[in-house]
Amino acid sequence: MIRRLILSGMLAALVALAGASGAFAASVTDQLKLQIARVIRTLEDPALKGSTNAQERHRALREATEEVFDWAEMARRALGGHWDGRSGAERAEFTALFRDLIERAYLSKVERYSGEPIRYAGESAEGEHAVVRTRLVTRQGQEVAIDYRMSRQNERWLINDMVVEGVSLTANYRAQFNEIIRTSSYQELVRKIRTRLS
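Cut-offs used in this document
- Residues numbered from 1 in each chain as written.
- Predicted model: local features only at pLDDT ≥ 70, side-chain atom pairs only at ≥ 80, totals over all residues.
- Heavy atoms only, no water.
- Buried < 20%, exposed > 50% of the residue type's maximum accessible area, 1.4 Å probe, protein only.
- Helix = DSSP H or I, 4+ residues; strand = E, 2+ residues; numbered from the N terminus.
- Pairing = 2+ DSSP bridges.
- Core = buried A, V, L, I, M, F, W, Y, C linked by side-chain atoms within 4.5 Å.
- Contact = heavy atoms within 4.5 Å.
- Polar contact = N/O pair within 3.5 Å; in protein donor to acceptor, adjacent residues only side chain to side chain.
- Expected span 1.5 Å × (residues − 1).
- Arc of directions from axis to C-beta.

Caption draft 1: Highlighting the pairing of strand β4 (residues 156-164). A large share of β4 lies buried, amounting to 8 of its 9 residues. When strand β3 (residues 143-153) meets β4, the two strands line up antiparallel, connected through 8 bridges. Bridge pairing in β4 links Gln153 to Arg156. From the end of β3 to the start of β4, which pair antiparallel, there are 2 residues, and Asn154 there has a positive phi angle of about 60°. Relative to strand β5 (residues 167-168), β4 runs antiparallel, the two being bridged by 2 bridges. Across the sheet, the residue bridging to Val163 is Ser168, located in β5. What sits between the antiparallel neighbours β4 and β5 is a turn of 2 residues, in which Glu165 has the positive phi angle 50°.

Caption draft 2: Region of interest: the nonpolar core. One finds Phe94, Phe98, Tyr173 and Phe177 to be the most contacted residues of the largest nonpolar core, which totals 45 residues. The biggest single contributor to this core is helix α5 (residues 88-110), with 9 residues.

Caption draft 3: Main features of the environment of Arg77. Looking at where Arg77 falls in the secondary structure, it is placed in helix α4 (residues 71-79). Residues Arg77 and Asp161 lie 84 residues apart in sequence; the distance between their C-alpha atoms is 8.3 Å. Excluding its chain neighbours within four sequence positions, the residues that come into contact with Arg77 are Arg149, Asn160, Asp161, Thr170 and Arg174. In terms of polar contacts, Arg77 uses its side chain to reach the side chain of Asn160, at 3.3 Å.

Caption draft 4: Just α4, in detail. Within α4, the full set of buried residues consists of Trp71, Glu73, Met74, Ala75, Ala78 and Leu79. Just beyond α4, the residue with positive phi is Gly80, at close to 60°.

Caption draft 5: The arrangement of helix α6 (residues 169-183) in detail. With 15 residues, α6 extends 22 Å between its outermost C-alpha atoms, agreeing within 8% with the 21 Å of an ideal straight helix rising 1.5 Å per residue. Of all the residues in α6, the buried ones are Leu169, Thr170, Tyr173, Phe177 and Ile181. Taken end-on, α6 shows its buried residues confined to a sector of 70°, consistent with a single buried face. Residues of α6 that are exposed and point over 90 degrees away from its buried face: Ala175, Arg182 and Thr183.

Right under this line is the structure:
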């Protein structure tokens, strides 16, 4: 159930309505729409559809999500208190592994997007942090509440977490990662992630 909710969040993050123009984005929501427009174009590009174009499509989607997600901050949140004890090299390695883990878990499902509508329900911003609230309408007509936690980097707003029906993506992974580290070690967590990705 949690995996299905998180998938809905990933879908919404990657397929928000692309109706925003190229003009300056005045609000966090507008910037999110502009950032995601590239992802939508990639998903809908006829030249990238089909199994023969899978590798090129995945590469294009990976490049596009660089403009949407703050992977380093998401990895830090997912690792929680264990992040502080890691070296710079370990943090870089874990960030790359975490991104690969998320992409492996959800990319093929995201590619099944077929125009599910999203309703924007408002935003709140304070300083360098903001939340954009949305409602994804599933094919079955159900509304899924999705909040995007975002942070500002220079003039850009990037997603650092998604809360789907009250379930935080990074908190969900943090609970799993913490249990592995608590009962074994950080090195064992890295080994398990690498095994899952192989």
